[in-house]
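What follows is each chain in one-letter form.
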Amino acid sequence: METQIAFICLFLVMIGLSPAEEVKRNLTGVVGGNITLPDPLLELGFLLDKLNTVASVDEEKFKILEERYNKRLDWNKNSGLFTLTDLQKEDSGLYKIDAKKTKITFSYSLTVYDPAPTPAVETQTVSSDSCWLICSVDKQASLLWIKDQDILNQSRSALSLPVTVRKEDRGSSYRCVAANPAENKTLHVNVTTSCGFNDTESLDNFEKRTYWIAGGICSVFLALVVVGVWVIKQRYLSKKKPVRQTQGRFHKRRGNPIYANSLQG
């Protein structure tokens, strides 16, 4: 009996000393931006960084314990979420939420990056049916050229990236994307303007209009010629027709000699 009691007590002690469950996540942020830790702390517990206890929560009361987090760390008592604002590279590191009642520890590895560079696009060469564009940034970043939903060209780390745009694709959507692990910036490019396809298109339209105008003038001129010929022909026939009728009546009279001699007598 005493052996059973001792075993039960030992088992309960082992449960009490068993390590809490730990959940690990990787997070990224941008210098000057904000990061919200995705797991709530609604009851007794602590937020810790790699060195110190940063803040405590107890009976819906939030207290910041590390001075460098003053005015930058917030806790929402409704959601239980921590938010760190105005991120700096020094904020990179390990953070933990230690929930005492649930005995769950949430661990976060936070990496703070510089903002992704803003891409710019320049036109390098232009021909009658295509042009060559260059997307560039002022510091190394992942660069992509995207046409509609397709990636045309990409580089994991570059300062510039070219793309060829063909005239028949001028109606497609082109964009250059500069990215790092924390964010990306996109520049939408109007290839019709950048490649001068507007001017080419205007010239094509002008040539088409000239063609149709010339064709219209020729058609009108031909129609006038046809009408003129028809009018002249009608006038000629109208003059000739009465002469034939008079001659016909004259022959009838000459065909009756007795009637003609009687008139002369």
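For the structure given in this document, a descriptive report is provided here. Remember, predicted model here, so these are calculated numbers, not experimental data.

**Observations regarding the overall build of the chain**
Then, number 1: Secondary structure summary: the chain contains four helices and 14 strands in total.
Then, number 2: Here the chain holds 265 residues, and 25% of them are scored as buried.
Then, number 3: Here the analysis covers contacts within the chain between residues at least 6 apart in sequence; of these, 54% occur between residues at least 24 apart.
Then, number 4: Total accessible area on the chain stands at roughly 18,600 Å², and carbon and sulfur atoms take up 56% of it.

**Brief notes about a nonpolar patch on the surface**
Then, number 1: On the surface, a nonpolar cluster with roughly 290 Å² of combined accessible area is contributed by Phe221, Val225 and Val229.
Then, number 2: Along the polypeptide, Val225 turns up in helix 3 (residues 197-254).
Then, number 3: Take Val225: its relative accessible area is 38%, and that puts it in the partly exposed class.

**Description of the environment of Asp138**
Then, number 1: Take Asp138: it is sitting in strand 11 (residues 130-147).
Then, number 2: Asp138 gets classed as exposed once you look at its relative accessible area, which sits at 69%.
Then, number 3: Sequence separation between Asp138 and Ser160 is 22 residues; the distance between their C-alpha atoms is 9.0 Å.
Then, number 4: Excluding residues that lie within four positions of it along the chain, Asp138 makes contacts with Pro117 and Leu159.

**So, the sheet that holds strand 6 (residues 73-75)**
Then, number 1: One open sheet holds the three strands; their spatial order is 2-7-6, and the pairing between them is antiparallel. This sheet does not close on itself; its edge strands, each paired only once, are strand 2 (35-36) and strand 6.

**A look at the sheet that holds strand 5 (residues 61-64)**
Then, number 1: Spatially, six strands are ordered 1-9-8-3-4-5 in an open sheet, and the strand pairing comes out mixed. In this open sheet, the two edge strands, each paired with only one partner strand, are strand 1 (21-30) and strand 5. Direction aside, neighbouring strands of the sheet carry axes that sit 15° apart on average.

**Structural notes on the nonpolar core**
Then, number 1: Ranked by size, the top nonpolar core spans 21 residues in total, and within it Leu73, Phe82 and Ile97 carry the most contacts.
Then, number 2: At the level of secondary structure, the elements contributing two or more residues to this core comprise strand 4 (53-58), strand 6, strand 7 (82-84), strand 8 (93-99) and strand 9 (104-113).
Then, number 3: Counting residues per element, this core draws most heavily on strand 9, which supplies four residues.
Then, number 4: Setting aside residues no more than four positions away along its own chain, Ile97 makes contact with Leu37, Asp39, Leu41, Phe46, Leu47, Phe82, Ile104, Thr105, Phe106 and Tyr108.

**Details of the environment of Phe197**
Then, number 1: When you line up the elements, Phe197 lands in helix 3.
Then, number 2: Taking relative accessible area as the criterion, Phe197 reaches 1% and is therefore assigned buried.
Then, number 3: Along the sequence, Phe197 and Ser128 sit 69 residues apart, while their C-alpha atoms lie 8.5 Å from each other.

**Focus on the state of the cysteines**
Every disulfide links exactly two cysteines, by a covalent bond between their sulfur atoms.
Then, number 1: All told, the structure shown has two disulfides when counted by the stated rule.
Then, number 2: With its sulfur 1.8 Å from that of its partner, Cys131 forms a disulfide with Cys195. Of this pair, Cys131 sits in strand 11 while Cys195 is found in the loop between helix 2 (191-194) and helix 3, placing the two residues 64 residues apart along the sequence. Like Cys195, Cys131 is buried.
Then, number 3: In this model, Cys135 is linked to Cys176 through a disulfide, with the two sulfur atoms separated by 1.8 Å. Disulfide Cys135-Cys176: torsion about the S-S bond near -75°, hence left-handed. Linking Cys135 in strand 11 with Cys176 in strand 13 (residues 174-179), this pair joins segments that are 41 residues apart in sequence. No difference in accessibility class separates Cys135 from Cys176, as the two residues are buried.
Then, number 4: Here the chain pairs its bonded cysteines, counted in sequence order, in the arrangement 1-4, 2-3.

**What about the packing of aromatic side chains?**
Then, number 1: The final tally for this structure, using the stated rule, is two aromatic pairs.
Then, number 2: Judged by centre distance (6.1 Å) and plane angle (55°), the rings of Phe62 and Phe82 are tilted. Here the residue Phe62 occupies a position in strand 5, and Phe82 occupies one in strand 7, the gap between them amounting to 20 residues.
Then, number 3: A relative accessible area of 27% means that Phe62 is categorised as partly exposed.
Then, number 4: Assessed through its relative accessible area of 1%, Phe82 is described here as buried.
Then, number 5: Ring-pair connections join several aromatic residues into one group, and the members of that group are Phe62, Trp75 and Phe82.

What counts and how
Just so you know, the residues in each chain are numbered from 1, in the order the chain's sequence is written. Side-chain atom pairs in this predicted model are given and counted only at pLDDT of 80 or more, local residue features only at pLDDT of at least 70, and totals for whole chains, interfaces and linings cover all residues. Only hydrogens and water are set aside; all other atoms, that is, all heavy atoms of the structure, feed into the side-chain values. Runs of H or I in DSSP of at least four residues are treated as helices and runs of E of at least two as strands, each being numbered from the N terminus. Exposure classes here rest on a 1.4 Å probe applied to the protein chains alone. A residue is buried below 20% of its type maximum, exposed above 50%, and partly exposed in between. Whether two residues touch is decided by their heavy atoms; if any such pair falls within 4.5 Å, the residues are in contact. Surface exposure here means Shrake-Rupley accessible area, sampled with a 1.4 Å probe, where a residue is shielded only by the protein chains that are shown. A patch is a set of surface residues, each over 30% in relative accessible area and not in a salt bridge, joined within 9 Å for like charges and within 5 Å for the nonpolar side chains Val, Leu, Ile, Met, Phe, Trp and Tyr. We define a salt bridge as a contact between a side-chain nitrogen of Lys or Arg and a carboxyl oxygen of Asp or Glu at a distance within 4 Å. If DSSP finds at least two bridges between two strands, the strands pair. To obtain each axis, a line is fitted to C-alpha atoms, and for helices this fit is confined to the stretch in contact; angles are then taken between N-to-C directions over 0 to 180 degrees. The set of buried Ala, Val, Leu, Ile, Met, Phe, Trp, Tyr and Cys residues whose side-chain atoms join them within 4.5 Å is what this entry labels a nonpolar core. Two cysteine sulfurs form what is called a disulfide whenever their separation falls within 2.5 Å. A pair of aromatic rings is counted whenever rings of Phe, Tyr or Trp (Trp by its six-membered ring) have centres within 6.5 Å, and the orientation is called stacked for planes under 30 degrees apart, edge-to-face for over 60 and tilted otherwise.

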